[in-house]
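# Topology and contacts: notes
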Amino acid sequence: AAGSFAIAESVWGQGSTNGDIRCAVVGRNGRGKSLIRDVMRTDGARLVALCDVDTAVLDERAANVEEEHGIKVDKVRDYRKLLERKDIDAVVICTPTDMHADLIEQFARAKKAIFCEKPIDLDAARVRECLDVVAAEDGFLMVGFNRRFDPHFMAVRKAIDEGQIGTPEMAI
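The numbering scheme is per chain: residues are counted from 1 as the chain's sequence reads. Residue-level local features of this predicted model are given only where pLDDT is at least 70; pairs of side-chain atoms are given and counted only at 80 or more, and the full residue set underlies all totals for whole chains, interfaces and linings. Note: side-chain values were computed over all heavy atoms of the structure, leaving out hydrogens and water.

### Considering the nonpolar core
Side chains that are nonpolar tend, in soluble globular proteins, to be buried together. To keep it simple, the criterion reads: The definition of a nonpolar core used throughout is a set of buried Ala, Val, Leu, Ile, Met, Phe, Trp, Tyr and Cys residues joined through side-chain atoms within 4.5 Å. Summary of the burial criterion: residues with accessible area below 20% of their type's maximum are buried, those above 50% are exposed, and those between are partly exposed, where the area comes from a 1.4 Å probe applied to protein chains only. What counts as a helix is a DSSP run of H or I of at least four residues, what counts as a strand is a run of E of at least two, and both are numbered from the N terminus. In this description, contact between two residues means that some pair of their heavy atoms is separated by no more than 4.5 Å.
In terms of nonpolar packing, the biggest core is built from 23 residues, with Leu82, Ile93, Ile104, Phe107 and Ile114 touching the most fellow members. Those elements that provide at least two residues to this core are β1 (21-26), β2 (45-51), β4 (90-93), α4 (97-109), β5 (113-117) and α5 (124-136). Top element by residues in this core is α4. It accounts for 5 residues. Residues within four places of Leu82 in sequence aside, it is in contact with Ala24, Val26, Ala49, Cys51, Val76, Ile88, Phe107 and Lys112. Grouped together as the second largest cluster of nonpolar side chains are 18 residues, Val25, Ile36, Val92 and Phe115 included.

What follows is the structure in structure tokens.
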């Protein structure tokens, strides 16, 4: 089944020996809760770690993953421990916005593929700096926009592309 985010074809070579992309989700509240579910239902993705500074939230989310999906994931309180791990190919960043750019840069330097919730930063110059780091590291970054990979929105997009419902005049 497809999830709410996609794994870029160019990332596949970065995965484990069985071809899965081993993922960690950083930030457990808000969008993090739903992105765990998205990782779990994305073909080719395997959740291996959750990271959050709030131990209670971290314990709860890890217990939910084990109960709903039958797998144990590592619980990590300090994201810096994920930087050095060779068993993590990609990270999903869903922390507060003011942490996004710094985390993207650090994970890009650690050669992790990155999916980050929008926005990268609130300052356009800071966004450019961050993207320059990703480019210099030859990194993989995808910024998540709500609903872009939602199956219903994808079906509408497909119908538009195939000419089934005409040409949109405005999308709100």
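### Focus on the environment of Leu50
Topologically, Leu50 is positioned in strand β2. Exposure remark for Leu50: the relative accessible area of 0% places this residue in the buried category. Between the C-alpha atom of Leu50 and that of Arg61, which follows or precedes it by 11 residues, the distance is 8.0 Å.

### Let's talk about unusual backbone geometry
Cis geometry is found at the peptide bond from Lys118 to Pro119, where omega equals -10 degrees. The topology assignment puts Pro119 in the loop between β5 and α5. Within the chain, Lys111 stands out as a residue other than glycine whose phi angle is a positive 65 degrees. Among the residues examined, Lys111 registers a relative accessible area of 51% and is labelled exposed. You will see that Asp138, though not glycine, has its phi angle at about 55 degrees, which is positive. Tracing the backbone shows Asp138 in the loop between α5 and β6 (141-144).

### Re the side chain of Asp89
To keep things clear, this is the line we draw: Nitrogen and oxygen atoms within 3.5 Å of one another constitute a polar contact, given that in protein one can donate a hydrogen and the other can accept it, and given that sequence-neighbouring residues count only through two side-chain atoms.
With respect to the helices, strands and loops of the structure, Asp89 is situated in the loop between α3 (80-83) and β4. Asp89 gets classed as buried once you look at its relative accessible area, which sits at 6%. Of the polar contacts made by the side chain of Asp89, one reaches the side chain of Arg22; its length is 2.8 Å.

### A look at the pattern of salt bridges
Note the threshold: The working definition used for a salt bridge is a side-chain nitrogen of Lys or Arg within 4 Å of a carboxyl oxygen of Asp or Glu.
Taken as a whole, this structure holds 15 salt bridges when the rule is applied. Here Asp89 ties to Arg22 by a salt bridge, and the two come within 2.8 Å at their closest N and O atoms. Residue Asp89 is found in the loop between α3 and β4, and its partner Arg22 is found in strand β1; the two are separated by 67 residues along the sequence. In this pair, the class of Asp89 matches that of Arg22, namely buried. Glu66 serves as the salt-bridge partner of Lys72, at 3.7 Å between the closest nitrogen and oxygen. One salt-bridge network, held together by shared partners, links Asp102, Glu105, Arg126 and Glu129.

Such coordinate-based values are descriptive only and should not be taken to indicate function.
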